[in-house]
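# Observations on chain architecture
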Amino acid sequence: MYPADDLEGAEERLRDFLVFRFGGPTRYIEQRGHPRLRMRHAPFAIDQAARDRWIELMTAALDESALPAAARAALEPFFAQVATFMINRGE
Ligand code: HEM
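All figures in this text were calculated on a predicted structure; none of them were measured in a lab. Residue numbers here run from 1 along each chain, matching the order of that chain's written sequence. It should be noted that, the model being predicted, local features are given only for residues of pLDDT at least 70 and side-chain atom pairs only at 80 or more, the latter also being counted only at that level, while totals for whole chains, interfaces and linings use all residues. To obtain the side-chain values, all non-hydrogen atoms of the structure were used and water was disregarded.

### Some thoughts on the site of the ligand
Worth spelling out the cut-off: The rule for a residue being near a molecule or strand is that one of its heavy atoms must lie within 4 Å of it. As used in this structure description, the phrase polar contact means that two N or O atoms lie within 3.5 Å; if the pair is within protein, one of them must be able to donate a hydrogen and the other to accept it, and residues adjacent in sequence are counted only when both atoms belong to side chains. Each residue is assigned to one of three groups, with Ala, Val, Leu, Ile, Met, Phe, Trp, Tyr, Cys and Pro labelled nonpolar, Asp, Glu, Lys and Arg labelled charged, and all others, Gly among them, labelled polar. Domain borders in the structure are assigned automatically or taken from a domain database.
Taken together, 20 residues lie near the ligand, and Arg13, Tyr28, Arg32, His41 and Trp54 sit nearest. At 2.7 Å, a side-chain N or O of Arg32 approaches an oxygen atom of the ligand. His41 is positioned with one of its side-chain polar atoms (N or O) 2.8 Å from a nitrogen atom of the ligand. The residue inventory of the shell around the ligand, partitioned by class, reads 15 nonpolar, one polar and four charged. Two domains share the shell around the ligand, each providing at least three of its residues, namely domain 1 (1-35) and domain 2 (37-91).

### Looking at the environment of Arg40
For clarity, the threshold we go by: Helix and strand assignments follow DSSP, with helices taken as H or I runs no shorter than four residues and strands as E runs no shorter than two, numbered in order from the N terminus. Per-residue accessibility, obtained with a 1.4 Å probe over protein chains only, is compared with the maximum for each type, and a residue is labelled buried under 20%, exposed over 50%, and partly exposed between these values. Working rule for contacts: check all heavy atoms of both residues, and any pair within 4.5 Å makes them a contact.
Structurally, Arg40 is set in helix H3 (residues 37-41). Under the relative-accessibility criterion, Arg40 is labelled partly exposed at 22%. Linking Arg40 and Ala80, residues 40 residues apart in sequence, is a C-alpha distance of 18 Å. Those residues in contact with Arg40 that sit more than four places away from it in its chain are Tyr28, Arg32, Gly33, His34 and Pro35. There is a polar contact of 2.5 Å between the side chain of Arg40 and the backbone oxygen of Arg32.

Written as structure tokens, this is what we have:
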């Protein structure tokens, strides 16, 4: 689903969003405005399987990044909840 010609941009948008969301600099807001994540995900068909795959890949990324336990404990439930909220197909 991600733009093959702009993976770096997609990575930057997600990174800036997370930095902002967890209290860091607000570059995401300055460049993208209000997140409106459900609306921004509407063009992509996200069903339960897509949500679960996204979480599977993000979990592998978290494993690789070897974050401090407290940071991981904050991120994981957040990802799980927002990913479920992004489901826009099926049911
Ligand atoms: C449920 C599975 C998910 C799928 C399949 C998915 C897919 C996508 C795709 C295809 C894009 C467009 C890439 C781009 O920026 O060009 C995108 C954008 C984005 N996603 Fe997701 N996403 C998922 C879950 C999440 C979650 C859980 C978060 C946050 C914790 C998130 C945050 C974002 C953000 C911040 C953007 C950029 C929005 C913008 O400013 O345009 N996504 N996502």
